[in-house]
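Spelled out, the chains give:
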Amino acid sequence: MSKVWVTGAGGLIGSEIVRTAPRWSPDSEVVALTRAELDLSDFDAVASRYRVDNPDVVIHCAALSRPVDCERNPEEARRINSELTGLLADLAKDGFMLHVSTDLVLDGAKGGYTEEDPPNPLHDYGRTKLAGELLARRHDGHAIVRTALNFGCSPEGNRAFNEQMRSALQAGTDFTLFTDEYRSPLATAVTVRVLWELARLKLGGLYLLGGSERVSRWQIGEALTRRWGETPGTIRPGSLRDYDGPPRAADLSMNCRKLQSLLSFPLPGFHEWLEANPEARV
Ligand SMILES: NC(=O)c1ccc[n+]([C@@H]2O[C@H](COP(=O)([O-])OP(=O)(O)OC[C@H]3O[C@@H](n4cnc5c(N)ncnc54)[C@H](OP(=O)(O)O)[C@@H]3O)[C@@H](O)[C@H]2O)c1
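Engineer: How should the pairing of strand 5 (residues 143-147) be read in this particular structure?
Structural biologist: Regular strands have side chains that alternate between both faces of the sheet. Across the 5 residues of strand 5, 5 count as buried, placing the element largely inside the fold. Side chains of strand 5 alternate between two faces, with Ala143, Val145 and Thr147 and Ile144 and Arg146 buried alike. Bridging between strand 4 (residues 96-102) and strand 5 involves 5 bridges; their strand directions are parallel. If you follow Val100 over to strand 5, its bridge partner there is Val145. At this point the chain moves from strand 4, through helix 5 (residues 124-136), to the parallel strand 5, and the crossover so formed is right-handed. Where strand 5 and strand 10 (residues 205-209) come together, 5 bridges link them in parallel fashion. Within strand 10, the residue paired with Ile144 across the bridge is Leu206.

Here is the structure:
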């Protein structure tokens with residue numbers, strides 16, 4: 001049996017990793033590190049707890065994950081997204097760490113990204129996550145997984161973009177969704193299955209992880225609102241060409257061939273997954 005530390009265990013992806021451990025890794029003993037369990041900004045406490053638990057694997061999901069929070073709290077973003085990742089990577093140097101990073105380390109200028117494409121983050125969130133990647137890469141054995149936009153269900157129902165959009169629509173907010181901004185979204189249920197497979201393989205390196213379909217924000221919104229039925233708020237199509245706010249990554253679609261070759265199952269596309277899971281709450 002291996003002992004697995006899961007940081008960010010109260011968040012969207014971390015909670016799903018913990019919840020699905022009996023299915024995808026029944027012989028693992030999971031230590032679920034929610035904020036209540038351990039404040040990860042206290043590095044002395046993290047190091048002491050690590051030495052007590054002595055895990056074989058760390059799946060590192062904790063982050064300041066909302067770009068707007070990173071812009072507001074740059075110090076905290078650097079501490080959690082960058083320095084904490086470096087600390088955990090060093091602590092786990094004789095074990096294995098799976099660091100969950102983001103497609104937002106890329107600038108979205110080209111789309112169809114592979115692991116060979118150089119990062120160029122547009123915001124503090126991506127910049128601090130990239131700095132964390134670089135610290136994790138000091139140890140060749142660790143894996144860094146740049147995850148695409150996830151949709152799913154978080155413990156409080158407020159972490160995933162689909163949850164936030166649905167609540168806002170139900171509260172009467174209207175949305176403009178870009179027909180020319182692209183992502184490779186993936187259900188969190190699939191993301192965590194991949195992470196569990198990688199945790200067992202213990203293969204170091206950089207991997208991109210997303211769904212197999214390139215879809216626009218508008219297509220995403222159309223499919224989800226169809227599923228949700230009528231809401232007081234509505235969505236309307238728009239174009240990035242008419243957008244005048246902080247920089248946005250236009251096309252973060254990805255080619256996940258490298259990771260796909262290691263997996264026991266095919267990465268599904270966005271529409272394919274929704275159709276195959278008509279009862280799933282998204
Ligand atoms: N969701 C996506 O679409 C997506 C896409 C690409 C990459 N990612 C990456 O995937 C990872 C997981 O994302 P997620 O969506 O699950 O994010 P999330 O729901 O925001 O979860 C992050 C967790 O980290 C915890 N955390 C932050 N600071 C902490 C601290 N000082 N001490 C203890 N816990 C702390 C948060 O605790 P609280 O709940 O108490 O705040 C939260 O539970 C992140 O690294 C993110 O960058 C996510």
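The structure having been displayed, the exposition proceeds.
Engineer: Can you walk me through the sheet that holds strand 5 in this structure?
Structural biologist: Pairing between sheet strands relies on hydrogen bonds along the backbone, with the strands arranged either parallel or antiparallel. With parallel pairing, the 6 strands of this open sheet are ordered in space as 2-1-3-4-5-10. The outermost strands of the open sheet, each flanked by one partner alone, are strand 2 (28-33) and strand 10. Each strand axis lies, on average, 20° off the axis of its neighbour in the sheet, ignoring direction. Relative to strand 3 (residues 57-60), strand 1 (residues 2-7) runs parallel, the two sharing 4 bridges. Each bridged residue has a counterpart across the sheet, and for Val4 the counterpart in strand 3 is Val57.

Engineer: So what exactly am I meant to see when it comes to helix 2 (residues 43-53) here?
Structural biologist: An α-helix turns once every 3.6 residues. As a result, residues three or four positions apart point the same way. Among the residues making up helix 2, those that are buried are Phe43, Val46, Ala47, Tyr50 and Asp53. Buried positions in helix 2, seen along its axis, are confined to an arc of 135° and lie on one side of it. Summarising the geometry of helix 2, the exposed residues directed more than 90 degrees from the buried face are Asp44, Arg51 and Val52. Where helix 2 is buried, its residues touch strand 1, strand 2, strand 3 and helix 4 (74-91).

Engineer: Honestly, the packing of aromatic side chains in this entry has me stumped. Any pointers?
Structural biologist: Any pair of aromatic rings gets described here by the distance separating the centres and the angle formed by the planes. Summed over the entire model, instances satisfying the criterion amount to 4 aromatic pairs. Seen from their ring centres, Trp5 and Tyr50 are 5.2 Å apart, and the 80° between their planes marks the pair as edge-to-face. Remark: Tyr50 occurs in helix 2 and Trp5 occurs in strand 1; sequence separation between them is 45 residues. For the residue pair Trp5 and Tyr50, the accessibility class agrees, reading buried in each case. Ring centres of Phe151 and Phe270 lie 5.2 Å apart, and the angle between their planes is 80°; on these two criteria the pair is classed as edge-to-face. Here the residue Phe151 occupies a position in strand 6 (residues 150-151), and Phe270 occupies one in helix 10 (residues 270-276), the gap between them amounting to 119 residues. Comparing Phe151 with Phe270, the two get one shared label, buried. Above the ring of Tyr113, the side-chain terminus of Lys110 is found at 4.9 Å from the ring centroid. Against the face of Phe265 rests Arg193, its NZ or CZ located 3.8 Å from the ring centre.

The rules we used
Residues numbered from 1 in each chain as written. Predicted model: local features only at pLDDT ≥ 70, side-chain atom pairs only at ≥ 80, totals over all residues. Heavy atoms only, no water. Buried < 20%, exposed > 50% of the residue type's maximum accessible area, 1.4 Å probe, protein only. Helix = DSSP H or I, 4+ residues; strand = E, 2+ residues; numbered from the N terminus. Pairing = 2+ DSSP bridges. Right-handed = clockwise from strand over helix to strand, strands pointing away. Axes fitted to C-alpha atoms, helices over the stretch in contact; angles between N-to-C directions. Arc of directions from axis to C-beta. Contact = heavy atoms within 4.5 Å. Phe/Tyr/Trp six-rings, centres within 6.5 Å; stacked < 30°, edge-to-face > 60°. Lys NZ or Arg CZ within 6 Å of the ring centre and 35° of its normal.

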